[in-house]
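Now for the letters of each chain:
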Amino acid sequence: MPKKRAKQKGVLPDEVFSRGPLQMARYGRHLVWQTKWPEGAFAEMQARAVARLPEVSAEISALVACIAGLVRQLTPDRVLLRAWWEMATRHIKVEAESDVGSDEALAVRMLDYVQSVIASVEPAPEQREPTEEDWTALKSAVEQLFMKLNVEYQICSTAVRRAQPGFDLDLEEFRFKAQVYWVNVRGHRYQVHDPVFLKEVFPQHSDVLQELFGISGSDFVEGLTSIWRSLSFGLRDSYEALDAFRTDTLAALDRKVASLPSGDDRDIKELMEEVIRENHWEERRDRVFHGMFGLDLFDLKRTTKFPERLLDELSWLPGQETDFFAEGDFKGWPLRVWPIARRPFLKVGDSHYCFDLYSLFDNIYRVMQRTILRLKPDYDQRWKREQTTISENWPVDYFRRLLPSAKVWQSVFYLGDTGSGKVGWCEADAVIVYEDHLLVLESRGGAFTYTSPATDFDAYVESLKNLVLKPATQGQRFLKYLESKDAVAIYNRDRKQVGELRRSDFRHIAICPVTLDPFTEIAAQVQHLKKIGVDVGDRPVWAISLDDLRVYADIFTNPLIFLHYVEKRMQAFRSELLESNDEFDHVGLYLKHNNYSVYTEELQSGVYDKVTFDGYRTDVDKFFRERMFDPNFPCPLKQESHRRFFEIIDYLDAAARKGRARVASYLLNFAGDTRDRISEGIESELARQPETRRPMPLSVHGVASVTIYCWSEHTGPRNAAAALSHTRSVLLATGEDSKLLLELEYNRANELTGAWWTWVERGDIPAELLPKLRADAERLKVRRLTAAKAERGKIGRNDPCPCGSGRKYKRCCLNA
């Protein structure tokens, strides 16, 4: 069941956030909807919703009480075994989050929410194994609870707040999203990355783990990885073991039957038992059947070597947790802190079990932090130091993977505005320079609040200010310093100069707050957070988590393509129109539409208030599902285009010549039809050169302005001067101000072996060359017009002019 999240698929009712007639478009699943309320209808609906809230709340509480009453009567291990099996069978074919429907999401709630109820409700003196009727009743109650909480309760509670003075629709929308994420979203990282995450965050705490629990950091990681393996692949392994046992026993039984004397009429069951005894397969039989049909996959004393004390600290006894069902608002509701998020295991009798992988890996780092500090309070400063090291070093390591030859400075000090109007020493966690890109990293190891947005909404907003706003402000401060002079010095901790930076050297700059705790859904909308008081400023900010960086490091193998993605991602930051509920939907949008902010504007066409994209991360999900089964599975996530185009991009990366990032970005900005034209033009040119024996340049004009020369053994040596002269003539003929000249060299096998580029500017042409170049330009225009007329006949007045100027024929060469 390897995937990332399990979301309860609820409908976002338009009446929750309507500003009147709401217009919205949702793409990816190709759903477009809009609401136009008849006069007075919205106010009537709001009044009904306000009156309905007490009834809805009472119905939710009644469902919670019903669930608790059922759960306390049933043996907890058997309830959760049934829940796990149903979840496993429903998710076995799920390849991406978009495949998760309401039934699949409900199956996860039957694990995590039901286990939370078991942990917090006193069990009955006598319990029974769940019958089919028990299971149906329990499942129905849980389904109704989450549906009512996700939809009707949200509508009614929003209506009540709307009726109060000072209502803020933007704040309400964020409150709604925070509550929906809290209740429904599980799986903070791709499952294949869970073991990687463990190795990054726990080995450095080996000494305290040894002191408190008698286990090393590596042993702790190994134990958690064993749980991950058992719950991820145990079902498959158990089935294979069962099938192998069946094959072996049937073969042995056949041999046994063949050797029986005449008249031996013992039944098959008796003979099978004898075969098992003769082969000493009793232990194998028990292991196979307990693994397939029993609790062995979940029994932590079987899957780990964890000591009893550690297991007890991470486990609830049934009814032991007292906060979830304490008197007060939301008693037993999923809007409180779930017990499974505080302790992921359940102890039944003498056995400790883990049934839910999502809750375990979503919360284990903070669970262990709270556990260790409760048992050893003076370890607090050491934990913070190690946490800071993790949050500052691992992001840099992942950026080094993404940008292998980047110049990296960590713990950068500089004399800047300290925020009080005075100049003093300031620090940036890391500054990364790759070609003409500058990335300013500000890391945050602090925890995102673990309290519920329903009970402590202010803590949610404060967490965002701490994890996003503060680092964004620090990044803005560094950029202000960078822009204060032509060249600025940067220093290390010892205040010794380690480098010098010039703002003019950078075509693209991004501020990157990087957090240890993931909040992917919120981070994807960081540009909209200023509506709730978390204003990161006008400069592009790319708020990401360490988990996000692991994903990017596996997807992007060409740093030039990664940098282009960063440019498009930052362009999306500036869009008030574009919304996405997940960081990796941005990846999917980039792969599908390239310049996806412009694509959004074209879709919007002035009709919709916002465009929300959903489901674009499906291919990303599928890739990481494949990586679960094959760690070497190649990444297929690439934009569609002809081979010749991306052959250029790959060569630019390998060439390591300064300026290649600008050229790659310029080319990658081209739309699909332009890319195809370039690819097909290169292919055609290479095919005809054995006959023509000379290069025939390919030119593209307009927004995408490039002239391409292909050199090969058939054309003779590269003639850079001739290529430049021709490109200048083209520039004058089309009336453009600048153009990229790209010269490509191919070997006998038509493989790209060389690339040179020149940015040809009209203002850089020597005056003495202009007369000849203008004459050449006029001859070029005549040849193009003649060729176009010969090919097409009459040229329409409103057709693009064949000369390549980008203007209409009637406004260009018609009367020339």
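Reading guide: rules and limits
Throughout, a residue's number is its position along its own chain's written sequence, starting from 1. Reporting in this predicted model follows two pLDDT cut-offs: at least 70 for local features of residues, and 80 or more for side-chain atom pairs to be given and counted; totals over whole chains, interfaces and linings ignore these cut-offs and use all residues. Hydrogens and waters are ignored; side-chain quantities use all the structure's heavy atoms. Helix and strand definitions here come from DSSP, where helices need a minimum of 4 consecutive H or I residues and strands a minimum of 2 consecutive E residues; each element is numbered from the N-terminal end. Residues are treated as being in contact if the distance between any of their heavy atoms lies within 4.5 Å. Computed by Shrake-Rupley with a 1.4 Å probe, the accessible areas treat only the displayed protein chains as cover when residues are assessed. Residues scored as positive are Lys and Arg, those scored as negative are Asp and Glu, and His as well as the terminal groups of each chain are ignored. Where a charge sits is defined by one atom per residue type, namely NZ (Lys), CZ (Arg), CG (Asp) or CD (Glu). Whether two aromatic rings pair depends on their centres lying within 6.5 Å, for rings of Phe, Tyr and Trp, where Trp uses its six-membered ring; planes under 30 degrees apart make the pair stacked, over 60 edge-to-face, and the rest tilted. Relative accessibility under 20% of the residue-type maximum defines a buried residue, over 50% an exposed one, and the middle range a partly exposed one, all with a 1.4 Å probe and only protein chains included. One side-chain nitrogen of Lys or Arg within 4 Å of one carboxyl oxygen of Asp or Glu is enough to make a salt bridge.

Chemist: Sorry if this is basic, but what is going on with the overall build of the protein chain here?
Modeler: Of regular secondary structure, the protein chain possesses 28 helices and 18 strands. Dimensions of the protein chain along its principal axes, counting C-alpha atoms only, are 105 × 85 × 65 Å. Considering only residue pairs separated by 6 or more positions, the protein chain has 72% of its internal contacts joining residues 24 or more positions apart. When the accessible area of the protein chain is evaluated, it comes to approximately 35600 Å², of which 50% is carbon and sulfur surface. The centroid of the 114 positive side-chain charges in the protein chain is displaced by 7 Å from the centroid of its 122 negative side-chain charges.

Chemist: I would appreciate a short explanation of the packing of aromatic side chains in the present structure.
Modeler: Taken as a whole, this structure holds 47 aromatic pairs when the rule is applied. The interplanar angle of 55 degrees and the centroid separation of 6.4 Å between the aromatic rings of Tyr552 and Phe562 together place this pair among those described as tilted. Of the two residues, Tyr552 is situated in helix H19 (residues 546-555) and Phe562 in helix H20 (residues 559-573); the sequence distance between them amounts to 10 residues. Taking relative accessible area as the criterion, Tyr552 reaches 0% and is therefore assigned buried.

Chemist: What is the right way to look at the side chain of Ser391 in this model?
Modeler: Along the chain, Ser391 falls in helix H16 (residues 380-402). Assessed through its relative accessible area of 5%, Ser391 is described here as buried. Discounting chain neighbours no more than four positions away, the residues touching Ser391 are Ser443, Arg444 and Gly445.

Chemist: Explain the pattern of salt bridges here, please?
Modeler: Side chains carrying opposite charge are able to pair once their charged atoms draw close together. Tallied over the entire structure, the rule returns 66 salt bridges. Its salt-bridge partner being Arg189, residue Asp194 comes within 3.2 Å of it at the nearest N-O pair. Exposure remark for Asp194: the relative accessible area of 5% places this residue in the buried category. Judged by its relative accessible area of 6%, Arg189 is buried. Here Asp776 makes a salt bridge to Lys772, at a shortest N to O gap of 2.9 Å. Of this pair, Asp776 and Lys772 are both found in helix H28 (residues 770-792), 4 residues apart, which corresponds to roughly one turn of the helix. Connected through salt bridges with shared partners, the residues Arg52, Glu55, Glu59, Lys148 and Glu152 form a single ionic network.

Everything listed here is a matter of coordinates, which is why it stays silent on function.
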